[in-house]
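Structural description and commentary
Below are the chains, spelled out letter by letter.
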Amino acid sequence: MRSSRAAIGLIVAAHLAAAVALTPGFLEPDSVATFAWIRSLVLDGDFLFYDEWAGFGMIVDGIPLYKEVTRTGALANHWWVGTSIVTAPFYLAAHLAASLGGSPNGFTGLYALTLAWTSVLFGAAACAIAFSLMHGRSIPPAAALGAIALVWLGTPMFWYEMRFPLGTHLAGIACIGALTLVLARVEREPDRALDLLAGLLLGLAIVTRLQHLMLAPAVALHLWRSGRGSKGLSAAAIGAALPLAVQGAAWHAVYGQPLGPLLAGSSPMGGTWMAFRTIALDEVLLSSWHGLLPWSPVAALAIAGWVLELRRSRLAAAMLLMFAGEWIANGLFDRYFWGGLSFGPRRFVDLAVPLMLGLGWLLRRSGVAGWIAAAAATAWTVLLTFAAAGGSLPLDRDVLPRELFAAVGSIDWSGLARALFGASALVRAPTTTLGALAIVVAVAAALAPLARRARRGAIALVVLCTLSLAAALAAIAPTRARAEEQIRRFRIDRPAAAAAGPLIDARGLLAHELEFLRRRGRERQAAETERTIREIDRRLDELGVGLAARR
C-alpha cells in the first residue's frame, strides 16, 4: 500500500512538473466546438453557437466557417458532447469563480486554464489507473512506472495533455482508462454496479469521440467471458444508453433530429464526413504522415505485450480487440486518415492506458533488451515532439520518411526552450493559472470519494448524465425560439450558410490529400481528388461565397 501511494505521488508530481509547458490555446474549430456545448448552455441557455463562432472570428461575410446552418436555424456541431459532460463540474466551478470576479466570458482566462488543468488531471488519473492495473498483475513497480512514462512520452498523450490540452483526447483517455479498470474488476467481483459502470464509461467514451463506438464488441465479449451473463450485458447497455441520450437530445436541438450529423450534412458526398472513400488500414499504421508506428513505435511493443499475455489474461484479449476496433474506425470510416492538424497518431492515443498495461507486460518478460527497445522507441517520439515544438517538423501537411529524419536532425535546440515554455501559462499568467489549479484540485478532492466504490461511481455518473440530459432537453425550446434573431444579429447569409462552411473545410483537407497523393505518385487518385475540389469550387461559386470566406 505504501509503495502504491508513493508511485501515485510520483505520477502526480511528474504531471505537475511537466505542466510548466502547459499552453491552453483554443484550436479552431475543434476546441471551440468541443466546449461550445457547455459554454452556450451555461451562458445563453441554448445550443446556437453563433456567438462562440463569432468570438473566434469564424463568421466571415455572413458565412460560418467549418459548419453549416441547419434546418432549425442553429449552427451545426458534429463534435460530440462527452468532453463537455465530463468537464462540467470543473467548468461550472470556474464559471462561479469568474462570475464572482465579474468576468464570465465562458472561454478564455480562468475558463481555459481550468479546462487545461482538467486535462492534466485526466492524464494523471489515467496513469494512476494504469499503475493500479499493473500493480494488481504482479508487474514490478519499476516496470509499471517505466511503462507509464514511456507511453506518456512515446505517444501523442503528452502533446495533447500539455501543448493542446483543450480537446477531446485526455477526456477519452480517462474514460477508456476507467473502463479498462472496470473490465479488470468484473473478472473478480460479482457487483452488478460494475456492469452498469462499464456501460456508462463506454457511453461517455463514445460521446467523447465517435470512433469509440468500435470498443463496444470488446466490452460486450469481455463481460460475457467473465460470466456476467445477459443481465450484465443488459445493465451495461442501459448504462451506455444514458450518455447517448444526452447526445441525442443535444443534436435534436441543433439538427431537429437525434442522430444529427449522422443523417445530415453538406459535404460533397452528402454527409458530414467524407467517409468510405479510401481504405487506409495500412496508412493509419505505417504512413509517415501521422501513422502510428513511424511516430509512436513504442505502441508496437505494447501490442506485443498484449499478444504475449493472451493465454493468461482475458483482459489482454479485450484490449487487443479494442485496438482492432479503433484501427478499423480510423482506417475505414474517415477519409482524412491523418487526422488534420495532428501530432502523430492522435486517433489512437485514447488507448493510452491499455498501451501502458501492454508495455508493462512486455517489460516484465523481456528484461534489459525490452527496456532498451522501449526507451529507444520513446526517444524517437520525444525527438519528434521537440522538432514539432521547435518548428522544424510541420504538422499541417504531408511529411515523407526522409523529412521526419531531417526535421529531427535540424532541431533548433537554442530556441526549443522558448518554444516550449515561452507560451507557458505558468509563465504568462501565473496567478490565474494557479487559481485554476486550485479550482481543479478542490473539485477533484470533492469528487474523489465517489471513485472509490463501483456503486458510488455508477450513481455519480448516472446523476451527471441525467442532469446533462435534463439541461440538453431544456435547451431545445430556446434554441428554436432564438435562432432567427441570432441569424439576423450575425448577418448570416442563410441560403449560402446552409452548405458553405463544410465545403470550405473539406476543400482545405482535400488540398492536403491532393499533395499527399501526388508526392507518392498516386496520380489516378490525385485526379479524383482534384475533380472533387473543382466540384466544391463550382458549388461555392453557385452559393456566391467570396474569397474572404474561402480563405
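Up top is the structure.
Keep in mind that what you see is a predicted model, and the values were worked out from it rather than measured. Each chain has its residues counted from 1, following the order in which its sequence is written. Confidence filtering applies because this is a predicted model: local features only for residues at pLDDT of at least 70, side-chain atom pairs given and counted only at 80 or more, and all residues used for totals across whole chains, interfaces and linings. Only hydrogens and water are set aside; all other atoms, that is, all heavy atoms of the structure, feed into the side-chain values.

As a further point, take unusual backbone geometry. Cis peptide bonds are those with omega within 30 degrees of zero, and the linkage from E28 to P29 qualifies with 0°. Segments assigned H or I by DSSP are reported as helices when at least four residues long, segments assigned E as strands when at least two residues long, and all are numbered from the N terminus. Mapped onto the elements of the fold, P29 is located in the loop between helix 1 (2-18) and helix 2 (30-44). Its identity as a non-glycine residue notwithstanding, F49 has a phi of 75°, on the positive side. Looking at the secondary structure, you find F49 in the loop between helix 2 and helix 3 (50-55). With a relative accessible area of 0%, F49 lands in the buried category. Phi at R491 is positive, roughly 55°, even though this residue is not glycine. Residue position: R491 is located in the loop between helix 22 (476-489) and helix 23 (494-497). A simple rule labels every residue: compare its accessible area, found with a 1.4 Å probe on the protein chains alone, to the largest value its type can have, and call it buried under 20%, exposed over 50%, or partly exposed in between.

Note on placement: I11 falls in helix 1. Overall, I11 belongs to the buried group, its relative accessible area being 6%. Residues I11 and A126, spaced 115 residues apart in sequence, show a C-alpha to C-alpha distance of 10.0 Å. Only heavy atoms enter the contact rule, under which two residues are in contact if any of them lie within 4.5 Å. Sequence-distant contacts of I11, defined by excluding residues within four places in its chain, comprise A124, C127, A128, F131, L145 and I148.

Time to look at the packing of aromatic side chains. In this description, an aromatic ring pair is defined by two values, namely the gap between the centres and the angle between the planes. Pairs were defined over the aromatic rings of Phe, Tyr and Trp, the Trp ring being its six-membered one, requiring ring centres within 6.5 Å. Orientation was assigned from the angle between planes: stacked under 30 degrees, edge-to-face over 60, tilted for the rest. With the rule as written, the count across this model stands at 24 aromatic pairs. Ring geometry for W380 versus F405: centroids 5.0 Å apart, planes at 40°, classification tilted. Taken as a pair, W380 in helix 16 (residues 352-390) and F405 in helix 17 (residues 401-409) lie far apart in primary sequence, 25 residues in all. A relative accessible area of 18% places W380 in the buried class. Using a relative accessible area of 58% as the deciding quantity, one classes F405 as exposed. Among the aromatic residues, those joined into a ring-pair cluster are W289, Y336, F337, W338 and F516.

What follows concerns the pattern of salt bridges. Put simply, a salt bridge is a Lys or Arg side-chain nitrogen that is within 4 Å of an Asp or Glu carboxyl oxygen. Counted by the stated rule, this structure contains 25 salt bridges. E189 is the salt-bridge partner of R185, the closest N and O atoms lying 2.9 Å from each other. For R185, a relative accessible area of 21% translates into the label partly exposed. With its nearest N and O atoms 3.0 Å apart, the salt bridge here joins R518 to E530. Separated by 12 residues along the polypeptide, R518 in helix 24 (residues 500-519) and E530 in helix 25 (residues 523-543) bring together distant segments of the chain. For R518, a relative accessible area of 40% corresponds to the partly exposed category. Taken together, the shared-partner salt bridges connect R39, D44, D51 and E52 into one network.

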